[in-house]
Amino acid sequence: METRSMHRDTVGRVGEQVTVKGWVNTRRDMGKLAFLDMRDRSGLLQVVLVPAELSERANELMPSIRSEYCLAITGIVQARGPKQVNPNLETGTVELLAKDIELLNPAKTPPFELADTSGINEESRLTYRYLDLRSPRMVKNLELRGAVAGFMRDYLRKEGFLEIETPNLTKGTPEGSREFLVPSRLHEGNFYVLPQSPQQFKQLLMVAGLEKYFQIARCFRDEDQRGDRQPEFTQLDMEMSFVTREDVMALVERLMVELVKTVTPEKHLTFTQIPRISYADAMNQYGNDKPDMRKDKNDPSEVAFCWVVDFPMFENDGEGGIQAVHHPFTSPHPEDVALLDTEPTKARANAYDLVMNGYEIWGGSIRIHARDLQQKVFQLLGLKDEQIQARFGHLLEAFEYGAPPHGGIAAGFDRIVMILANEPNIREVIAFPKTGDARDLLMGAPSDIEQKRLDEAHISIKKK
Ligand code: ASP
């Protein structure tokens with residue numbers, strides 16, 4: 001067989017012999033003839049099977065060919081007659097008259113129709129995710145996801161940001177969630193935790209003098225899966241030195257407006273100048289801190305951003321103490337620093353959230369970069385000095401080596417793609433998501449582990 005042509009490229013090759021490779025999307029029989037709609041990454045192509053035109057092996061194969069068979073087909077590209085042109089198909093002006101067919105792999109009958117999986121129950125879709133991902137909607141979603149990632153990378157690189165990876169095996173950093181634990185085989189009784197975000201590392205990169213960092217980072221949070229959450233999800237994470245909150249907000253604003261215009265040109269923005277509302281006003285006027293500012297909530301192409309600023313630093317933790325609303329590395333609003341000594345719960349944070357169609361999609365803050373202030377905030381949060389030293393001694397010490405003023409922000413990457421794709425949940429824009437109760441149905445995770453591996457990890461399981 002000759003080199004492979006993509007379906008999309010057959011359009012300009014009328015009269016030529018080509019070989020295409022892909023899957024049978026549908027088969028239609030018309031007396032002695034059969035039509036195959038073949039599918040590859042580039043789209044669909046109609047193939048005509050005429051027994052008199054086919055090689056011997058193709059004739060033998062022809063009766064058995066069914067949906068999802070993987071085939072290589074060599075034939076002649078021919079123009080369709082004016083009445084046969086299909087305007088709904090990118091390759092609708094041509095078809096392939098098959099000469100030879102090579103069976104690359106037969107297929108069992110899929111457990112569900114792949115053309116439109118929106119009505120199929122999710123357990124089946126996730127168990128056979130590799131089939132579910134063959135549907136045009138899922139391909140489109142993954143293409144959009146790739147385009148969003150590519151756009152953000154290019155944009156930030158042009159702005160002088162450096163892409164830096166940070167560890168996934170690390171030590172806890174508080175972002176308000178429970179952390180996944182990873183037992184250490186080499187250090188008996190010790191554990192790594194998976195990061196809830198790269199928060200401390202990105203701040204340490206600022207201490208190191210890297211000035212502008214970003215990463216498309218995987219984050220892990222071991223929570224009861226309320227609503228549309230995943231135990232692992234993706235953030236577009238960034239941090240900058242020598243910036244004010246205005247600088248961070250202006251950058252994100254430009255990035256998001258350009259993103260929407262570039263990757264989803266069919267969308268329209270309600271505001272090009274993004275409105276700003278204080279946390280207090282948002283709660284008073286809308287009763288929540290992520291107001292949906294769209295003019296017409298039924299319009300799938302409307303995108304409305306708004307900033308929410310001036311969150312409180314602290315909130316009650318329900319157990320008589322206080323906890324950080326954003327995270328404990330957030331600096332107080334410059335006007336409220338003195339309140340930390342008098343009425344800390346009145347202090348506002350120097351934090352900002354960007355809301356998109358009623359979803360909080362970016363959240364960040366200007367950070368504390370002075371050791372004493374950071375220590376004070378930990379103390380206000382009820383940590384004892386030994387605890388502070390054990391958990392954050394490295395960060396406090398780093399601040400003593402000329403840590404620059406810095407701030408940053410992170411985006412819920414899956415959510416941005418979900419909104420741009422008009423999907424109802426983030427599972428639709430993640431290649432291999434977990435179920436609502438955190439199971440991976442395809443791989444069968446989590447699963448039990450053989451005794452030998454548990455022994456190596458110094459783990460014994462408590463039987464109930
Ligand atoms: N690390 C924070 C988060 O995950 C974001 C930030 O402050 O940059 O919410």
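Report on the accompanying structure. Note that the structure is a prediction, hence the values are computed from the model and not measured.

## A short note on empty space enclosed by the protein
In step 1: Counting across every chain of the model gives one cavity of 30 Å³ or more.
In step 2: There is about 40 Å³ of room inside the largest cavity.
In step 3: Lining the largest cavity are Met313, Phe314, Ala324, His326, His327, Pro328, Thr330 and Val377.
In step 4: The residue makeup of the lining of the largest cavity, split by class, is five nonpolar, three polar and no charged.

## Quick notes on the sheet that holds strand 10 (residues 212-220)
In step 1: Pairing in this open sheet of eight strands is mixed, and the strands run 7-10-11-20-19-18-15-13 from one edge to the other. Only two strands of the sheet have a single partner each, and these edge strands are strand 7 (162-163) and strand 13 (276-278).
In step 2: Looking at chain direction, strand 18 (residues 351-356) and strand 19 (residues 359-366) are connected through six bridges and run antiparallel. Bridge pairing in strand 19 links Met356 to Tyr359.
In step 3: Packing of helix 4 (residues 136-158) onto the sheet brings it into contact with strand 7, strand 10, strand 11 (232-241) and strand 19, and relative to strand 10 it is tilted by some 150°.

## Some points on the site of the ligand
In step 1: Gln199, Lys202, Gln235, His327 and Arg367 are the nearest of the 13 residues found near the ligand.
In step 2: Contacts to the ligand include Ser197, whose side-chain N or O atom sits 3.1 Å from a nitrogen atom.
In step 3: Within the contact set of the ligand, an oxygen atom lies 2.8 Å away from a side-chain nitrogen or oxygen of Arg367.
In step 4: In the complex, the protein chains occlude 90% of the 280 Å² of accessible area that the ligand would expose alone.
In step 5: When its residues are assigned to classes, the shell around the ligand shows two nonpolar, seven polar and four charged.

Procedures and definitions
Residues numbered from 1 in each chain as written. Predicted model: local features only at pLDDT ≥ 70, side-chain atom pairs only at ≥ 80, totals over all residues. Heavy atoms only, no water. 1 Å grid on protein atoms, 1.4 Å probe; cavity = no way out; pocket = protein on both sides within 12 Å on 5 of 7 lines; lining within 4 Å. Points joined across faces, edges and corners; volume = space filled by probe spheres on them. Nonpolar A, V, L, I, M, F, W, Y, C, P; charged D, E, K, R; others polar. Pairing = 2+ DSSP bridges. Helix = DSSP H or I, 4+ residues; strand = E, 2+ residues; numbered from the N terminus. Contact = heavy atoms within 4.5 Å. Axes fitted to C-alpha atoms, helices over the stretch in contact; angles between N-to-C directions. Near = heavy atom within 4 Å. Polar contact = N/O pair within 3.5 Å; in protein donor to acceptor, adjacent residues only side chain to side chain. Areas by Shrake-Rupley, 256 points an atom, 1.4 Å probe, with all protein chains shown as cover.

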